[in-house]
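Given next are the chains, with one letter for each unit.
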Amino acid sequence: MNKKMKVGVIGLGGMGRYTHVPALLELPEIEIAAICDIVESKFKPAEDLIGKPVAKYTDYNNLLDDNVVDAVHICTPNYLHSVIAVAALKKGAHVFCEKPDAVSVAEAEKMKAAADASGKVLMVMRNNRHVPASKYLKDKIENGDFGDLYCGRCGWTRRRGIPGKGGWFTSKSQSGGGPLIDLGVHLIDLSIYLMGNPRAVSVSGSVYNKFAECSDISDSEHSKFGEKVEGGTFDVEDLAIGFIKFENGASLQIEFSWASNIEEERAFSEIRGAKAGFTWENGKCRIFGEENGLLTNSAPIVSDAYGNGHAKNIRHFYDVIAKRSKPDYTIEQGINVIKILQAVYKSAELNREILL
Ligand SMILES: NC(=O)c1ccc[n+]([C@@H]2O[C@H](COP(=O)([O-])OP(=O)(O)OC[C@H]3O[C@@H](n4cnc5c(N)ncnc54)[C@H](O)[C@@H]3O)[C@@H](O)[C@H]2O)c1
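Some thoughts on the pairing of strand E14 (residues 294-298)
By the criterion of burial, E14 is predominantly exposed, with just zero of the five residues buried. Connecting strand E13 (residues 284-291) to the antiparallel partner E14 that follows it, the hairpin turn spans two residues, and Asn292 within it adopts a positive phi of roughly 50°.

Section: the packing of helix H4 (residues 79-90) against helix H5 (residues 105-118)
A packed helix pair is summarised by two numbers, namely the angle formed by the two axes and the spacing between the axes. Closest axis-to-axis distance for the H4/H5 pair is 9 Å, and the angle between their directions is 10°. Looking at the two axes, H4 sits roughly parallel to H5. Counting all contacts with H4, which are made through His81, Ser82, Ala85, Val86 and Leu89, the residues of H5 involved are Glu107, Lys110, Met111, Ala114, Ala115 and Ser118. Class assignment of the residues belonging to the contact of H4 with H5 gives a composition of six nonpolar, three polar and two charged.

A short note on the layout of surface pockets
In this structure, the largest pocket occupies an estimated 1,200 Å³ of space. In terms of lining residues, the largest pocket is bounded by 46 residues, among which Gly14, Cys75, Thr76, Trp168 and Phe169 are the most central. Where the lining of the largest pocket is concerned, the elements lending two or more residues are helix H1 (14-25) and H4. If one sorts the elements of the lining of the largest pocket by residue count, H4 sits on top with four residues. Here the residues of the lining of the largest pocket sort into 20 nonpolar, 17 polar and nine charged.

Digging into the environment of Ala240
Mapping Ala240 onto the fold places it in strand E9 (residues 239-246). Classification of Ala240 as buried rests on a relative accessible area of 1%. Taking the C-alpha atoms as reference points, Ala240 and Tyr345, separated by 105 residues in sequence, lie 8.7 Å from one another. Not counting the four nearest positions on each side in its chain, Ala240 is found in contact with Leu180, Ser206, Val207, Ile254, Glu255 and Phe256.

With respect to the packing of helix H9 (residues 184-194) against helix H11 (residues 331-350)
Across the interface, H9 lies against H11 with an axial gap of 10 Å and an inter-helix angle of 125°. Between H9 and H11, the crossing angle belongs to the class labelled oblique. H9 and H11 meet at a crossing whose hand is right-handed. Across the interface between the two elements, Val185, Ile188, Asp189 and Ile192 from H9 touch Val337, Ile340 and Leu341 from H11. Considered class by class, the residues forming the contact of H9 with H11 number six nonpolar, no polar and one charged.

The rules behind the values
Residues numbered from 1 in each chain as written. Predicted model: local features only at pLDDT ≥ 70, side-chain atom pairs only at ≥ 80, totals over all residues. Heavy atoms only, no water. Buried < 20%, exposed > 50% of the residue type's maximum accessible area, 1.4 Å probe, protein only. Helix = DSSP H or I, 4+ residues; strand = E, 2+ residues; numbered from the N terminus. Pairing = 2+ DSSP bridges. Axes fitted to C-alpha atoms, helices over the stretch in contact; angles between N-to-C directions. Parallel < 35°, antiparallel > 145°, perpendicular 65-115°, else oblique. Contact = heavy atoms within 4.5 Å. Nonpolar A, V, L, I, M, F, W, Y, C, P; charged D, E, K, R; others polar. 1 Å grid on protein atoms, 1.4 Å probe; cavity = no way out; pocket = protein on both sides within 12 Å on 5 of 7 lines; lining within 4 Å. Points joined across faces, edges and corners; volume = space filled by probe spheres on them. Left-handed = near helix turned anticlockwise from the far one by under 90°.

This is how it looks when you write it as structure tokens:
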């Protein structure tokens, strides 16, 4: 029997404990050998789920120094992604990191340099690429069914749904930004991926902070991440809006909010092709075309829409390590998304378009 690959999960909050550990437990060739969090009370719930005692660390450096794992999953606040990824790659571990890749282009480039030097696999969560509707659309796009994809708009707009208000999510030094970096990375990445990864050449955007003092009311099932800190910091935007132009002439409007006065939450990518267009919304899709002189709408039935893109992405990571699959994400694509996000913030600050 082949030896199991030993894995460490670093950060045992919402994503580490509730998404990565359960997904890893489904993989027969993987053994969770170590867990790490700075808060010791996070160990027991994770270990209970794993169902056996594992090595426990409050410092990820000790986990890496002990050489007890072949791969790590990084599920910590955003500012630690690049720091831990670089340390793990230097120790010869494969790295699967939660989104966003990093809080700046410079940090993302350090991750790429460390991955190149180590020869190990570095992959960042792109769960929305892995839901069935995205695969279905990607195949049809590559088949030419939509024609030239020339423009689109995407967003994740919440009416009220600020994650962990006052904690790391709303502190720029730890998150790198608000809904633009938290939610934008999902839908901007998905839209650009579906559009065939065109290179962005200019970005303009605005960001707003109007809800720092808002009540705790929430209508978003996706906003339960992070821990609220009474009287904590809220120095990031709560809404970002922008416009991206690409080298091939295509364009993309973007809008992301944790709080805004709209009817209801939407997470969507709507891309127009010369032959047909589509809307991807919460992991389901609809297609708008024309056939035999009639306008047509169609919607494939996808059995498991939104949730398990995470597990599928994690499965893909181990298939790439085992050379059973080609990676469907490159670090360069990740860096390009961070460049766009950084340019939206810069455009908002300078009140002008930014050329990339
Ligand atoms: N892909 C998705 O759909 C999705 C959804 C939510 C969050 N995320 C991402 O997952 C990451 C974690 O988010 P979350 O919602 O789980 O946050 P969280 O606050 O619930 O969990 C973070 C955990 O990291 C721990 N931690 C902090 N510093 C650490 C350190 N130095 N070493 C080890 N552990 C440390 C914290 O104690 C906490 O338990 C973020 O980067 C976030 O953007 C992704």
